[in-house]
Amino acid sequence: MIEAINEALDVTMARDPDIVVMGEDVGYFGGVFRATAGLQEKFGKNRVFDTPISECGIIAAAVGMGAYGLRPVPEIQFADYIYPGLDQLISEAARLRYRSAGEYTAPITVRTPFGGGIFGGQTHSQSPEAIFAHVSGLKTVVPSTPYDAKGLLIAAIEDNDPVIFFEPKRIYNGPFNGYYDKPAQPWKKHDASVVPEGHYSIPLGKARIVTEGEALTVLAYGTMVHVAEEVCRQKGVDAEILDLRSLVPLDIEAIEASVEKTGRCMIVHEATRTAGFGAELSALVTERCFYHLEAPVLRVTGFDTPYPHSLEWAYFPGPVRIGEAIDKILSE
């Protein structure tokens, strides 16, 4: 996935000289996860450059660049550090097109690794996607495979609205099935690791059907797509798993069609439960598919606590909790 993200940046920068990459250590060092490796050497220090450790300043500069015709791609090193930039993202970037009656836009794509599963503790494991999904004017995207990461990132960079591009760092180097005590699997064994060369894009707001099924609809994104898929496979559940890909815009038509077919819906995400994006999904499914539901909508999420270090796998919505939820929803 790291290589796919790097390719997306490389391809778009070669096509459009107005695209610039900026952030802490993204230049010579190539980023803490090496997602920008080699880009400064290829495109120069004016287009790939390091910034001070000031997330507010990074986003503020990017908003100004966008207003004056550039197409910046700032990196926030970890999603946990994005909060100092919230005022610029919410009050400026998300509002600029509206407040200027379309005279100015903020075509910026904020890349940031998010989620746990790497023993990062409370300040390197958060999943704040619901905060941004709440803000009118921002788009929120979460890939779950290398193929999607490249196609969605290209689409985000080419979009004229600000996009928050969350990269699940637990699956940077391979899919994760939730069994942390088993050997990790590399992407090369996964079908979605095949990434075409050159330019291609995946439209924002189009969910991907991971598996088709009749018994249950599972709504997930990012790392949890792989965990849910593995649990359903092991339990032999005929589940239809939807990878949402983007939370805003949301492919509500695909969700409705699936839930109307299965009559049951389970939502899985790693973020904290209260006011998480799963609550919005649950409300939408209940409002739009109530008469098709054969059981209440279930959510399997993180807990309403800071992300723990020593109890990471108790917090993480793993196979045990997802399996219990499947048993419950299918018995009702």
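These numbers come from a predicted model, not from an experiment.

**Q** Sorry, what's going on with the overall build of the protein here?
**A** Each helix and strand counted, the protein has 12 helices and 12 strands in total. Taken over C-alpha atoms, the radius of gyration comes to 19 Å for the protein, in line with the 20 Å a tight globule of 332 residues would show. Projected onto its principal axes, the C-alpha positions of the protein cover 60 × 45 × 40 Å. Across the 332 residues that make up the protein, the buried fraction comes to 58%. Once local pairs closer than 6 in sequence are excluded, the contacts in the protein between residues at least 24 apart make up 78%. Counting every atom, the protein has about 13900 Å² of accessible surface; 52% of that belongs to carbon and sulfur. Across the protein, the mean location of the 29 positive side-chain charges is 2 Å away from that of the 44 negative side-chain charges.

**Q** For this particular structure, what's the right way to read the environment of Ala61?
**A** Its location among the elements puts Ala61 in helix H3 (residues 55-67). The partly exposed category is assigned to Ala61, whose relative accessible area is 32%. For Ala61 and Leu284, which are 223 residues apart along the polypeptide, the C-alpha to C-alpha distance reads 36 Å.

**Q** Would you mind showing me how to read the environment of Met1 here?
**A** Topologically, Met1 is positioned in the segment before helix H1 (2-15). Placed 81 residues apart in sequence, Met1 and Ile82 show a C-alpha to C-alpha distance of 22 Å.

**Q** Looking at this structure, I do not really get helix H4 (residues 86-93). What am I missing?
**A** Because the α-helix completes a turn every 3.6 residues, residues three or four places apart line up on one side. Here H4 has its buried residues at Leu86, Gln88, Leu89 and Ala93. Buried positions along H4 lie against H3, helix H5 (96-99), strand S4 (109-114), helix H6 (129-133) and strand S6 (163-168).

**Q** It is not clear to me how the layout of surface pockets should be interpreted in this structure. Could you clarify?
**A** Vacant regions in the atomic arrangement are exposed by a probe of water-molecule size rolled over the atoms. The space that makes up the largest pocket amounts to roughly 560 Å³. Along the walls of the largest pocket sit 27 residues, with Pro175, Phe176, Asn177, Gln185 and His190 positioned nearest its centre. Of all the elements in the fold, those that place two or more residues in the lining of the largest pocket are strand S7 (208-211) and helix H8 (223-235). Roughly 250 Å³ of volume is contained in the second largest pocket. If you list the elements that add at least two residues to the lining of the second largest pocket, you get H6 and strand S11 (265-272). In terms of residue class, the lining of the second largest pocket is built from nine nonpolar, eight polar and two charged.

**Q** Honestly, the pattern of salt bridges in this entry has me stumped. Any pointers?
**A** As enumerated under the stated definition, the model contains 16 salt bridges in all. With a closest N to O distance of 3.7 Å, Lys139 and Asp161 form a salt bridge. Of the two residues, Lys139 is situated in strand S5 (residues 139-141) and Asp161 in the loop between helix H7 (146-158) and S6; the sequence distance between them amounts to 22 residues. Accessibility classification places Lys139 together with Asp161 in one group, the buried group.

Reading guide: rules and limits
- Numbers given for residues are sequential positions, taken from 1 along each chain in its written order.
- Only residues with pLDDT of 70 or above have their local features reported here, since the model is predicted, and side-chain atom pairs are shown and tallied only from 80 upward, although totals for entire chains, interfaces and linings are computed over all residues.
- With hydrogens and water stripped out, all remaining heavy atoms of the structure feed into the side-chain values.
- Numbering of helices and strands runs from the N terminus, with a helix taken as a DSSP run of H or I at least four residues long and a strand as a DSSP run of E at least two residues long.
- As defined in this context, the radius of gyration uses C-alpha atoms, and a globule is described by 2.2 Å times the residue total to the power 0.38.
- Here's how the labels work: a residue is buried when its accessible area is under 20% of the maximum for its type, exposed when over 50%, partly exposed in between, all with a 1.4 Å probe on protein chains only.
- Between two residues, a contact is recorded if the distance between any of their heavy atoms is within 4.5 Å.
- Per-residue and other accessible areas were derived by the Shrake-Rupley procedure at a 1.4 Å probe size, with only the shown protein chains allowed to occlude residues.
- Asp and Glu are treated as the negative residues and Lys and Arg as the positive ones, with His and the ends of the chain left uncounted.
- Working definition for charges: the position is that of NZ of Lys, CZ of Arg, CG of Asp or CD of Glu.
- Put plainly, a pocket is an open set of points on a 1 Å grid over the protein atoms alone with protein on both sides within 12 Å along at least five of seven lines, a cavity is a set where a 1.4 Å probe fits but cannot get out, and a lining residue has an atom within 4 Å of a point.
- Grid points are joined across faces, edges and corners, and a volume is the space filled by probe spheres set on the points.
- Classification convention: Asp, Glu, Lys, Arg as charged; Ala, Val, Leu, Ile, Met, Phe, Trp, Tyr, Cys, Pro as nonpolar; all other residues, Gly among them, as polar.
- Within this document, salt bridges are pairs made up of a side-chain nitrogen of Lys or Arg and a carboxyl oxygen of Asp or Glu, the two lying within 4 Å of each other.

These results come straight from atomic positions and should not be treated as a statement about function.
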